[in-house]
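Notes for the structure review
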2 protein chains.
Amino acid sequence: MNLSPQLTALISQLPAFDGSVAAAARSRQDELTKPQGSLGELEALSIQVAGITGCLAAEIEPAAVIVAAAEHGVCEEGVSAFPAEVTTQMVTNFLHGTAAINALARNCNAEVFIVDAGISSECPDHKKLHRLGFGKGSANFAKQAAMKKGEAESIIEGGAACAKKIHQQGIRMISLGEMGIGNTTAAAAVVAVVTDSSPSSATGRGTMIDDDTWRKKVSVIEQAIAKHQPDSKDAIGILSAFGGYETGFLCGCILGAASCRMPVILDGYPTSAAALLAELICPGIKNFMIAGHCSAEPGHRLALDHLELKPLLNLSMRLGEGSGAALAIPIVNAAVRCLNEMATFEEAAVAGRKT
Amino acid sequence: MNLSPQLTALISQLPAFDGSVAAAARSRQDELTKPQGSLGELEALSIQVAGITGCLAAEIEPAAVIVAAAEHGVCEEGVSAFPAEVTTQMVTNFLHGTAAINALARNCNAEVFIVDAGISSECPDHKKLHRLGFGKGSANFAKQAAMKKGEAESIIEGGAACAKKIHQQGIRMISLGEMGIGNTTAAAAVVAVVTDSSPSSATGRGTMIDDDTWRKKVSVIEQAIAKHQPDSKDAIGILSAFGGYETGFLCGCILGAASCRMPVILDGYPTSAAALLAELICPGIKNFMIAGHCSAEPGHRLALDHLELKPLLNLSMRLGEGSGAALAIPIVNAAVRCLNEMATFEEAAVAGRKT
């Protein structure tokens with residue numbers, strides 16, 4: 001895969017997951033005042049965060065929620081139950097602080113960053129709206145490539161720069177979210193190609209489309225894969241074929257977060273498509289990812305299995321916006337607190353198991 | 001079932017789950033800016049909390065974590081991997097703020113109340129330790145009743161009084177936890193009797209006991225059920241037969257919390273035994289309960305199914321202390337925030353589904 005000089009440089013500088021710190025965290029978990037293993041997945045999570053950050057006493061607060069929004073030309077094909085203008089309307093809702101993701105972010109003291117990664121409609125300037133200037137959404141991938149390869153690279157670079165910038169502002173963990181009517185169609189195409197799955201197994205109901213719309217959605221994806229014939233290892237080729245702009249941006253956020261040793265919490269189906277592209281660009285970067293939840297979209301499980309990620313929550317959520325990822329933030333914080341704030345059996349003078 | 005005058009009076013005054021407020025919450029969920037149902041279990045949770053509190057805009061913060069500790073005479077039978085003195089040692093650890101439950105409570109700004117419901121060893125006075133003076137733990141139920149029926153009633157009344165008192169102090173939701181070496185043995189006996197299950201299906205590995213100890217644990221429970229022959233509908237009879245004191249106390253906490261319209265988050269196996277007893281005393285009180293998680297103890301699922309409760313988390317935790325319940329507090333808060341802080345489609349001027 002040929003990458004731009006900027007992306008090549010970024011990847012060459014990415015730190016490795018720190019296995020020795022992770023091993024030290026494993027040892028400490030086994031000495032804490034609880035039966036070994038009794039904190040279940042929280043123990044594994046604390047060990048992973050130690051390896052990501054390179055610190056036994058990891059600092060992962062405050063977290064930020066990044067919600068990237070973009071429009072999808074494929075909506076012209078009638079693949080969604082909602083009209084395309086909802087993307088911009090929901091961005092306005094985010095900026096007003098009255099969407100689900102705002103409530104969920106307030107619930108865990110996370111800052112919300114709203115990113116216009118490609119909105120066609122007018123959206124008023126707002127101090128919380130970060131504009132990228134990468135055009136007005138993807139082209140209809142049923143008819144042409146969603147974007148040019150150069151654009152695909154630029155949007156990934158934009159995401160990486162954003163993650164680095166918010167790290168400089170003091171953020172220590174990011175959770176990813178998206179908004180884009182039509183983006184589960186793009187995600188299904190990406191997931192089908194990368195995981196070598198059939199479009200029908202990768203395609204879900206999105207915002208609860210009916211049977212006819214679902215069949216149309218599958219057909220659009222099948223025909224687009226046949227038309228673009230993407231190489232399943234070529235992240236830039238896949239992104240430029242199907243989009244969306246927010247997918248590329250979130251892929252870049254993952255690269256940028258890893259470069260700063262920040263854990264990245266994934267949300268639902270579109271963010272898992274971004275994660276698959278990041279793993280293609282930089283194999284092993286999945287070690288920096290945490291699956292916040294498993295969404296009701298059936299293809300989400302395909303993507304998480306491919307990345308060997310086990311979701312923390314399974315609450316039948318299928319909203320997107322980063323809602324499942326934000327809900328997982330307190331769980332990740334809890335895991336790190338247990339590792340760092342609990343006494344060992346020796347420190348607390350608690351008797352161990354009978355011998 | 002004959003109950004003490006105090007318990008009879010308490011139960012007669014318990015408020016009903018408010019179905020009309022719950023219905024109003026359901027209607028509001030369907031108008032919020034998201035595809036209907038897309039917040040999954042969070043929607044059901046917000047509706048339940050509305051019905052519990054009788055308020056659409058429910059106030060459930062701050063929450064408290066109640067950890068009740070007691071000793072179990074049945075430990076004499078060799079049913080646990082840890083020595084009995086660990087109960088008191090862990091109470092000291094709780095008071096020092098260095099156990100898992102302390103870290104988890106800090107993670108969600110919940111206050112921790114440690115209750116000595118029956119500890120035999122000396123434990124120094126501490127401003128955070130609430131002593132009940134109900135003796136020094138249960139008798140060995142392999143040989144005699146765990147406690148007298150009058151004690152069983154008194155400890156339940158003590159739990160109810162505690163929940164009411166902390167409500168007066170401003171707490172608006174409680175999560176339950178326990179500490180007591182040997183208490184999964186008592187819990188298994190209670191669950192087997194109430195759910196009419198075999199002791200072997202209700203008995204788990206507790207703190208990871210070996211095969212021989214597990215068989216002994218099952219045998220002790222089988223023989224004790226044959227000896228005491230409890231009536232499966234008689235909560236006081238079951239509690240007095242098997243204990244423990246903390247189980248009775250937590251059962252009382254549920255009654256007291258419901259009397260103040262506070263949601264109650266259950267933790268693992270021993271708290272589910274307390275919940276089964278509360279449901280026997282006051283059928284329908286399960287509507288005030290939220291299952292924080294499903295523990296790795298196999299019998300926990302039997303109890304939750306009997307109560308028709310669906311756990312929020314499933315992270316292979318098996319620690320107790322209220323750890324799984326405390327981890328669920330932010331999720332319940334999140335559900336209520338979404339219901340109250342999100343805009344409707346009309347308020348936000350977001351277009352609905354295509355018609």
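Everything numeric here is computed off the predicted structure, so don't read it as measured data.

**Brief notes about the overall build of chain A**
- When its secondary structure is counted, chain A shows 15 helices and 6 strands.
- Reported as C-alpha extents along the three principal axes, the dimensions of chain A are approximately 70 × 45 × 40 Å.
- Across chain A, every contact between residues at least 6 apart in sequence was considered, and the portion connecting residues at least 24 apart equals 77%.
- Only carbon and sulfur atoms are counted for the fraction: they give 49% of the accessible area of chain A, which is about 12,200 Å².
- Mean positive and mean negative side-chain charge positions of chain A (28 and 36 charges, respectively) differ by 2 Å.

**Quick notes on the relation of the copies chain A and chain B**
- With an axial shift of 0.0 Å and an RMSD of 0.0 Å, the rotation relating chain A to chain B amounts to 180°. A rotation of that kind, with that shift, is consistent with a two-fold axis.

**Points about the environment of threonine 344 of chain A**
- Turning to its location among the elements, threonine 344 of chain A is positioned in the loop between helix H14 (323-341) and helix H15 (345-348).
- For the pair formed by threonine 344 of chain A and aspartate 30 of chain A, sequence separation is 314 residues and the distance between their alpha carbons is 8.7 Å.

**Here's the deal with the interface of chain A and chain B**
- Between chain A and chain B, the residue contacts involve 56 residues of the former and 55 residues of the latter.
- With both chains or domains summed, chain A and chain B bury close to 4,700 Å², and 62% of this area falls on carbon and sulfur atoms.
- Its largest share of buried area at the contact with chain B, chain A owes to Leu315, Arg353 and Lys354 of chain A, together 13% of the area lost on that side.
- Remark: the boundary between chain A and chain B carries 2 salt bridges.
- A salt bridge links glutamate 341 of chain B to arginine 106 of chain A; the shortest N-O distance between them is 2.9 Å.
- Joining chain A to chain B, the criterion identifies 28 residue pairs in polar contact (both at pLDDT 80 or more).
- Elements with a minimum of two residues in the side of chain A that touches chain B: helix H3 (41-53), helix H4 (86-96), helix H5 (100-107), H14 and H15 of chain A.
- Per element, the largest residue contribution to the side of chain A that touches chain B is 8 residues, and it comes from H14 of chain A.

**Concerning the sheet that holds strand S3 (residues 129-131) of chain B**
Residue and element names in this part refer to chain B.
- Taking strand neighbours across the sheet as the criterion, the 6 strands line up as S3-S2-S1-S4-S5-S6 in an open arrangement whose pairing is parallel. In the strand order of this sheet, the two ends are held by S3 and strand S6 (289-291), each with one partner. Between one strand axis and the next, the sheet turns by 30° as a mean value, whatever way the strands run.
- Judged from the 3 bridges that link them, strand S2 (residues 111-118) and S3 form a sheet pairing that is parallel.

**Observations concerning the pairing of S2 of chain B**
All names here are of chain B.
- Of all 8 residues in S2, 7 are buried; the element is thus mostly enclosed.
- Relative to S2, strand S1 (residues 63-70) runs parallel, the two sharing 7 bridges. Paired with alanine 69 across the two strands is aspartate 116, which belongs to S2.

**Topic: the domain arrangement of chain A**
Residues and elements named next belong to chain A.
- Split by domain assignment, chain A resolves into domain 1 (5-57 + 340-348) and domain 2 (63-333).
- Contact residues are listed per partner, giving 18 residues for domain 1 and 24 residues for domain 2.
- With both chains or domains summed, domain 1 and domain 2 bury close to 1,700 Å², and 72% of this area falls on carbon and sulfur atoms.
- In this assembly, domain 1 and domain 2 are joined by 1 salt bridge.
- The salt bridge involving lysine 310 is made with glutamate 41; its shortest N-O contact spans 2.7 Å.
- Here domain 1 and domain 2 share 6 residue pairs in polar contact (both at pLDDT 80 or more) between them.
- Those elements that place two or more of their residues in the side of domain 1 that touches domain 2 are helix H1 (5-12) and H3.

**Considerations on the packing of aromatic side chains**
- Scanning all chains against the criterion turns up 4 aromatic pairs over all chains.
- When the ring of phenylalanine 82 of chain A is compared with that of phenylalanine 345 of chain B, the centres are 6.4 Å apart and the planes differ by 10°; the resulting orientation is stacked. Remark: phenylalanine 345 of chain B occurs in helix H15 (residues 345-348) and phenylalanine 82 of chain A occurs in the loop between strand S1 (63-70) and H4; the pair is interchain, linking two chains. Per residue, the accessibility class of phenylalanine 82 of chain A equals that of phenylalanine 345 of chain B, and both read buried.

**Some details on the packing of H3 of chain A against H14 of chain A**
Residue and element names in this part refer to chain A.
- Orientation of H3 relative to H14, taken along the N-to-C sense of each, is 85°, at an axis distance of 8 Å. With respect to each other, H3 and H14 are oriented roughly perpendicular. Residues Leu42, Leu45, Ser46 and Val49 of H3 touch H14, and the partners they reach there are Ile331, Val332, Ala335, Val336 and Leu339.
- The residue makeup of the contact of H3 with H14, split by class, is 8 nonpolar, 1 polar and no charged.

**Observations concerning the packing of H5 of chain A against helix H14 (residues 323-341) of chain B**
- Where H5 of chain A meets H14 of chain B, the axes come as close as 9 Å, and the angle between the chain directions of the two elements is 140°. Accordingly, the angle class assigned to the pair H5 of chain A and H14 of chain B is oblique. Of the two elements, H5 of chain A crosses H14 of chain B, and the hand of that crossing is right-handed. For the pair H5 of chain A and H14 of chain B, contact is made by Ala100, Ala103, Leu104, Arg106 and Asn107 of chain A and by Pro330, Asn333, Ala334, Arg337, Cys338 and Glu341 of chain B, respectively.
- Residue classes in the contact of H5 of chain A with H14 of chain B are distributed as 6 nonpolar, 2 polar and 3 charged.

**What to know about the pairing of strand S4 (residues 173-179) of chain A**
All names here are of chain A.
- Counting buried residues along S4, 7 of its 7 residues qualify, which places the element largely inside the surrounding structure.
- Where S1 meets S4, 7 bridges bridge the pair, whose relative direction is parallel. Its bridge partner being in S4, alanine 64 is matched across the sheet by isoleucine 174.
- As paired elements, S4 and strand S5 (residues 264-266) share 2 bridges and run parallel to each other. Directly across from isoleucine 174, in S5, lies its bridge partner valine 264.

Here is what the cut-offs are and how they apply
Residues numbered from 1 in each chain as written. Chains lettered and ligands numbered in written order. Predicted model: local features only at pLDDT ≥ 70, side-chain atom pairs only at ≥ 80, totals over all residues. Heavy atoms only, no water. Helix = DSSP H or I, 4+ residues; strand = E, 2+ residues; numbered from the N terminus. Contact = heavy atoms within 4.5 Å. Areas by Shrake-Rupley, 256 points an atom, 1.4 Å probe, with all protein chains shown as cover. Lys, Arg positive; Asp, Glu negative; His and termini not counted. Charge placed at Lys NZ, Arg CZ, Asp CG, Glu CD. Least-squares fit on C-alpha atoms with pLDDT ≥ 70 in both. Buried area = accessible area lost by both parts, 1.4 Å probe. Salt bridge = Lys/Arg side-chain N within 4 Å of Asp/Glu carboxyl O. Polar contact = N/O pair within 3.5 Å; in protein donor to acceptor, adjacent residues only side chain to side chain. Pairing = 2+ DSSP bridges. Axes fitted to C-alpha atoms, helices over the stretch in contact; angles between N-to-C directions. Buried < 20%, exposed > 50% of the residue type's maximum accessible area, 1.4 Å probe, protein only. Domains from an automatic or database assignment. Phe/Tyr/Trp six-rings, centres within 6.5 Å; stacked < 30°, edge-to-face > 60°. Parallel < 35°, antiparallel > 145°, perpendicular 65-115°, else oblique. Nonpolar A, V, L, I, M, F, W, Y, C, P; charged D, E, K, R; others polar. Left-handed = near helix turned anticlockwise from the far one by under 90°.

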